[in-house]
Structure formats: C-alpha cells, structure tokens
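# Observations on the model geometry
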Amino acid sequence: MKKRYNYIIQGAGASGLWLAYWLHKEGLLDDKTLLIVECDEFKQNDRTWCFWGDALIQDLGFVDFSWSQVQVFGESQRIDPYTYHHCRSEAFYAFVKNALASSGHIDWCFGRVVATRQIGSQVSVDIQIDNDAGVENLNVAAEWFFGSGGASVKTSEIALWQSFVGWRVKSKSGETIFDSAACTLMDFRIEQRRKTRFLYVLPFSGEEALIEVTQFDKEILGLEEGQRMLQEICEMRGWDVSMTELEQNAIPMSSIFDCSERFHAPDTRIVPLGVVAGALKPTTGYGFLRMMQHGKSIASALKSNELIPKLYRKRRFRFYDDLLLRILHKHPSRGKQIFDQLFQHQRASTVLRFLNEKTNLLQEVMIFLWLPKRLFLRTLFAKWKG
C-alpha cells in the first residue's frame with residue numbers, strides 16, 4: 001500500500017462502489033490512484049436493493065428481476081414510465097469489482113477509517129487494521145477523501161426507523177402461489193399494533209418470492225416479532241412455503257442529513273457519501289439510485305474540474321418529508337390511513353413519481369387534497385408554533 005493516493009474511498013458498499021465505478025468509467029483511474037478502505041473483508045450477499053427508474057438499469061448487468069406492474073388493493077397497475085428493479089448485493093459487488101479489475105491503479109485495504117483531517121489541499125487519513133499480530137495503525141494522504149470520515153450516524157439523533165424482516169420463500173409443493181407479473185410495495189392489510197406496518201411481496205416466479213414486513217416507528221422491529229408476523233401472514237394467505245433466506249435491517253428515517261445547498265465549498269477535500277451525504281430519502285429509505293447518480297456526478301465534476309455536487313433536494317420536498325416524519329413520530333398509528341388514502345386516489349405511477357420528487361406543484365396539491373387535512377394542518381401548526 002502506498003503512502004499517498006489521488007483518491008480514497010471509505011467503504012465498499014453501494015455509495016463507495018458506485019463512485020469507484022464512475023471514476024473508472026470517466027477515465028480518472030487511467031493515471032490516478034485510488035485506495036478503497038473496507039472493514040469487511042468477506043462481504044458477500046449482505047442485503048438486497050430495490051429501486052424504480054425510467055432508464056434501462058438492468059443493462060448494467062446486476063439486476064436480476066424487474067416488474068412493470070404493482071399490486072394495489074388487489075388490482076394490478078402498470079407503472080409506466082417506471083420499472084421496479086431488484087438486485088442482490090453480491091451481484092452488484094461482483095459487477096463493480098469486475099469492472100475495476102482492469103485498472104492497475106486501485107489498492108484495497110481491509111480496515112477502519114478512524115479519523116480524517118484536511119491540511120491545505122491534502123487529506124490525512126488514519127486507518128486501523130486488525131490482524132493476527134494485533135492492531136496496526138496507518139496514516140495515508142490523499143488529494144480527495146470520500147466517505148463518512150470516521151463519523152457514524154448517532155442513534156440518539158434518529159427519531160424514527162424503517163426496520164424490516166424478510167424471508168425469501170419457496171412453495172413447498174411447487175405449485176404457483178404468487179403472481180410473478182406484479183410486485184406488491186405497500187400492503188397495509190397486516191396487524192399494525194399502533195405502529196405503521198406493511199408487507200412487501202416481490203415474486204421472482206409463481207413459486208418463489210421475497211416477502212418482507214416493514215415497520216415505521218421509534219422502535220426497531222425485532223427479529224422474533226418479524227418472523228412471527230411473516231409466519232402468520234403465510235398461514236392466513238394460504239402460502240405453504242419454506243424459508244430459504246432471512247433478511248433483517250434498519251434504516252434511519254431522518255432529515256438531519258438533507259442538503260439545502262447544491263455544491264461543496266471550492267476548498268473542500270473531504271466529501272461525504274451515502275447516508276451522511278443525504279442519500280436516503282427520509283420517508284422511504286430508498287437510496288440506491290441516488291447513490292449511483294451521486295457517484296456519477298462527482299466523477300463528472302472531478303473530470304471537468306468543477307465544484308463537487310451535493311445531494312441537493314428542493315425545499316418543498318424537504319418540507320413534505322419533515323411533515324410526514326413529524327406525523328409518524330407523534331401519531332405512529334396514522335401511517336396506514338395516510339398511505340391507504342394516497343394509493344386509493346392516485347395511480348401507483350403518480351405516487352412513485354412523487355416519491356422520486358419529479359412531480360410539479362399542481363400535482364402535489366392534488367395529492368395532498370386527498371390526505372387527512374386536519375392531521376396535516378395540526379402538525380403544520382405545531383411545527384410553526386414550536
């Protein structure tokens with residue numbers, strides 16, 4: 001490992017690998033060096049990502065299933081111009097690493113970034129490596145550092161969590177029990193227990209699917225509780241299945257990382273990525289596509305010697321998210337009513353466009369007209385009063 005690099009990326013997750021991929025695609029690694037610092041040397045299929053887009057993302061080679069229809073209250077709706085995509089993290093990791101394999105200017109370090117300091121136009125990075133001989137402390141320098149810089153999300157700052165427990169299941173009899181043409185994104189016909197809970201169903205075939213219970217609440221859905229719910233859902237819906245894979249995770253639902261500015265300061269050399277950069281939309285947790293777009297825009301700016309972009313969000317969308325988070329925090333059981341009314345009066349494609357922050361003001365007014373007005377007005381008044 002060298003003592004100095006042009007670029008250092010902290011983390012080989014979605015945001016870090018997307019940036020590395022676009023640095024390579026833009027030709028920035030033809031004559032420049034990159035160090036990727038990853039704390040998990042044996043990272044494989046540690047999660048799945050789902051996202052919708054109007055581009056042919058599957059051409060990138062890691063998407064394994066896509067749906068052009070979603071189930072809403074038992075009815076299949078097309079979501080043109082979007083397609084909903086699913087990919088396993090191991091496929092994405094392999095895709096990026098295969099793309100990077102042709103570059104001779106990339107080093108990997110399996111350790112933890114514990115501190116970063118910008119000194120003039122350089123960044124000093126402290127790395128801690130655990131090995132058989134004990135703990136090894138290294139210091140390397142770079143022109144640019146991308147990551148959290150040793151900082152982490154403070155759980156005390158997170159008022160709400162999107163947590164989920166999922167099973168990949170297969171029909172025991174081999175009979176068709178799922179509609180493979182349409183996925184289900186938000187099915188609230190499950191027990192709520194004064195929280196906001198819904199079911200995802202992503203059918204990979206008539207016999208196999210990912211079923212997932214998701215919860216929006218101050219507390220994280222426990223593994224035992226989530227598996228109990230999945231078992232009861234399968235029994236109630238007559239799904240005689242066996243579980244082949246288990247998935248559990250929790251995503252912060254917070255606007256503390258929202259960006260109200262478009263670019264970093266000209267002299268900034270430490271650039272956040274991922275969650276701390278505001279990659280996750282606070283009210284949905286979706287971030288995979290935003291991470292891709294962020295990595296691409298950073299690489300493009302570096303190539304053109306322009307200001308490094310932030311994950312800027314328009315003010316009104318930040319306002320909408322903040323309002324909904326306040327409602328879910330104070331009235332956790334009202335989420336079902338809000339989302340039910342949203343999908344009852346809007347096509348699924350319109351809802352996805354709104355969640356993608358691609359709607360105009362008139363469309364957003366029409367959306368909010370069908371939501372519980374008193375609840376939103378009371379929350380809005382409390383926000384202004386407070």
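An account of the accompanying structure is given in this report. Because the structure is a prediction, the values reported are computed rather than measured.

Among the structural elements, Phe-95 can be located in helix α2 (residues 89–100). Remark: the alpha-carbon pair of Phe-95 and Trp-67, spanning 28 residues in sequence, is separated by 21 Å. Setting aside its immediate chain neighbours within four residues, Phe-95 contacts Tyr-21, Leu-60, Gly-61 and Phe-62.

Core analysis: the largest hydrophobic core is formed by 45 residues, its most contacted members being Phe-92 and Phe-146. Of all the elements in the fold, those that place two or more residues in this core are β1 (4–10), α1 (14–25), β2 (34–38), β3 (48–53), α2, β11 (134–146) and α4 (288–304). Residues contacting Phe-92, with those up to four places away along its chain left out, are Gly-13, Ala-14, Leu-17, Trp-18, Trp-49, Phe-62 and Phe-288.

Remark: α1 packs on α4, axes separated minimally by 8 Å, with the N-to-C direction vectors making an angle of 35 degrees. At the point where α1 passes α4, the crossing takes the right-handed sense. For the pair α1 and α4, contact is made by Ala-14, Ser-15, Trp-18, Leu-19, Trp-22 and Leu-23 and by Phe-288, Met-291, Met-292, Gly-295, Lys-296, Ile-298, Ala-299 and Leu-302, respectively. Along the lines of polarity and charge, the residues of the contact of α1 with α4 split into eleven nonpolar, two polar and one charged.

Within the secondary structure layout, Thr-33 lies in the loop between α1 and β2. You can call Thr-33 buried: its relative accessible area is 13%. Discounting chain neighbours no more than four positions away, the residues touching Thr-33 are Lys-2, Arg-4, Tyr-5, Asn-6, Tyr-7 and His-105.

Our focus in this paragraph is the pairing of β3. The buried fraction of β3 is high, at six of six residues. By the alternation rule, side chains of β3 split into Thr-48, Cys-50 and Trp-52 and Trp-49, Phe-51 and Gly-53, which are all buried. Pairing geometry for β3 and strand β7 (residues 83–88), over six bridges, is antiparallel. Counterpart to Trp-52 in the pairing with β7 is Tyr-84.

Rules used in this analysis
- Residues numbered from 1 in each chain as written.
- Predicted model: local features only at pLDDT ≥ 70, side-chain atom pairs only at ≥ 80, totals over all residues.
- Heavy atoms only, no water.
- Helix = DSSP H or I, 4+ residues; strand = E, 2+ residues; numbered from the N terminus.
- Contact = heavy atoms within 4.5 Å.
- Core = buried A, V, L, I, M, F, W, Y, C linked by side-chain atoms within 4.5 Å.
- Buried < 20%, exposed > 50% of the residue type's maximum accessible area, 1.4 Å probe, protein only.
- Axes fitted to C-alpha atoms, helices over the stretch in contact; angles between N-to-C directions.
- Left-handed = near helix turned anticlockwise from the far one by under 90°.
- Nonpolar A, V, L, I, M, F, W, Y, C, P; charged D, E, K, R; others polar.
- Pairing = 2+ DSSP bridges.

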